[in-house]
Amino acid sequence: MNKTLIVAKREYVQRVRTKGFVIFTVLLPAIIGGYIFFIVAVVSKAGANAKAHLAVVDLSHQVFPALRQELSDKLPNGQRQFRLDEVAATPATLPAVEARLRRQVLGGQFTGFLVIPADVLQSNLAQYHAKNVANFNLLGTMEHGLESAVTRVRLRDAGIAGAQLPQFFASFHLHELKVTANGESKNTGGAVALGYILGFMLYFVLIINGVTFMRSVVEEKTNRVAEVVLASVDAFGLLMGKVIGVAGAALTQALVWVLSLALFAAYAGAASLAAGRAGWLKQVPHLGPMVYISFVVLFVLGFLVYASLYAAVGAIVSSEQEAQQSQMPISLLLVAALLMGFTVLTTPNSILAVVLSEIPFFAPVLMMMRIPIANPPLWQIVLSWVLCGVAVWLIMKVTSRLYRVGILMTGKRPNLPELMRWLRYS
């Protein structure tokens, strides 16, 4: 055990002191945070006073007044977002009117022009002509305004008085209450997002560091470093020490990212409160201690499972090219866990979700998704820990045998019968 800890310490220190680790761990969150702030600032500045001057050709002669009422929202600077000018036309004069409006759009007099056909109440169709038809926010607002305006006209034609129209357009709000052992809490949807973010973070860190660890094993095998080390420590102790050291470095990296994310969220919350736009803060879920504990435990156990598998691949192959080909089944296990996460997110307490989240290869990702969403019973969480721990021990025992033989062998990649013989060596 002493030698294992020495190997683990050396592996950890050697990794955290590299420039790549420091850059990837510290600068990456800073770069991502700066990029997000930049995008938000640009989008906010561009969208804060974005307005449109539209020409409207209403061949139905009914929709325009209702549309002007629907598109009456004002921007933060007090100006109307949509300025609508009605342009008279008939089916006979429409081609000439459209040609004139196209020239005016190209000349910058109008942002675009809207043609509402005479049968709009039956067809639910209209045409929008503009130089820029990729502004999805503008198009979405305009489409929603047309939909509401047409509905208003239909209700009016059906004999509904104007004073009664607002009750037909009332918004409906559904408050979801999450039932837990400690009572009920309001479900804002943030728990679903958090579960997926945590699960994806585990997936990302596991696959990046697992592949890096596999490459280091291949490099040690190529440079014949392992031959010297194996003279003083057995294969199981060497493998366990290397995996623990790499897992410690990966966990350090993940904790730095989580802390950076928490600081970023705290800063964004404080800025939103100061600006009076703190509505999104209601979407942030309240986390219990089990989320933090499980994140650390499942991260370590999951990394030990996959790092052992990647170490076995690194010991078997003789070059990085072979390693890239051979590690695909392991990477597919992680990808499968991430894909199955959609099932877990939608039905976190189903039998399928419970079973999948207990399988050691999937538990680090899927159980981490379930905990913030469904608050699974403690026995299910602990069982996933135990099963992952047992899987780590078994995989390490098998991998250490492959590692002990394969790390000293070079040349042709062994076939399946040869691998089975390696496992039988005492």
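Figured I'd write up the structure that's included with this text. (Residues numbered from 1 in each chain as written. Predicted model: local features only at pLDDT ≥ 70, side-chain atom pairs only at ≥ 80, totals over all residues. Heavy atoms only, no water.)

### Focus on the overall build of the chain
- Of the regular secondary structure elements, the chain holds 17 helices and 6 strands.
- If you take every contact in the chain between residues at least 6 apart in sequence, the share linking residues at least 24 apart comes to 73%.
- Just so you have it, the chain exposes about 23,400 Å², and 66% of that area is on carbon and sulfur atoms. (Helix = DSSP H or I, 4+ residues; strand = E, 2+ residues; numbered from the N terminus. Contact = heavy atoms within 4.5 Å. Areas by Shrake-Rupley, 256 points an atom, 1.4 Å probe, with all protein chains shown as cover.)

### Considerations on the nonpolar core
- Membership of the largest hydrophobic core comes to 61 residues, with the highest contact counts inside it found for Tyr306 and Tyr310.
- Among the elements of the structure, helix H8 (190-223), helix H10 (235-275), helix H11 (289-316), helix H13 (328-346), helix H14 (351-356), helix H15 (363-374) and helix H16 (378-406) are those that each provide at least two residues to this core.
- Residue contributions to this core peak at 14 residues, all from H11.
- Once residues lying within four places of it in the same chain are set aside, the contact partners of tyrosine 306 are Leu206, Ile330, Leu333, Leu334 and Phe361.
- Of all hydrophobic cores here, the second largest spans 21 residues; its members include Leu54, Phe64, Ala66 and Leu84. (Core = buried A, V, L, I, M, F, W, Y, C linked by side-chain atoms within 4.5 Å. Buried < 20%, exposed > 50% of the residue type's maximum accessible area, 1.4 Å probe, protein only.)

### Some words on a nonpolar patch on the surface
- Residues Leu378, Val382, Val386, Val390, Trp393 and Leu394 make up a contiguous nonpolar surface patch of about 560 Å² in total accessible area.
- Within the secondary structure, valine 390 sits in helix H16. (Patch = residues over 30% accessible without salt bridge, like charges linked within 9 Å, V, L, I, M, F, W, Y side chains within 5 Å. Salt bridge = Lys/Arg side-chain N within 4 Å of Asp/Glu carboxyl O.)

### Looking at the pairing of strand E3 (residues 112-116)
- Of all 5 residues that make up E3, 5 are buried, and the element is covered over most of its length.
- The two faces of E3 match: Gly112, Leu114 and Ile116 on one face and Phe113 and Val115 on the other face are all buried.
- Two elements, strand E1 (residues 52-58) and E3, share 5 bridges in a ladder whose sense is parallel. Note that in E3 the partner of alanine 55 across the bridge is phenylalanine 113.
- Sheet topology places E3 next to strand E4 (residues 127-130); 4 bridges connect them, and they run antiparallel. (Pairing = 2+ DSSP bridges.)

By themselves, these are just geometric observations and shouldn't be taken as functional.
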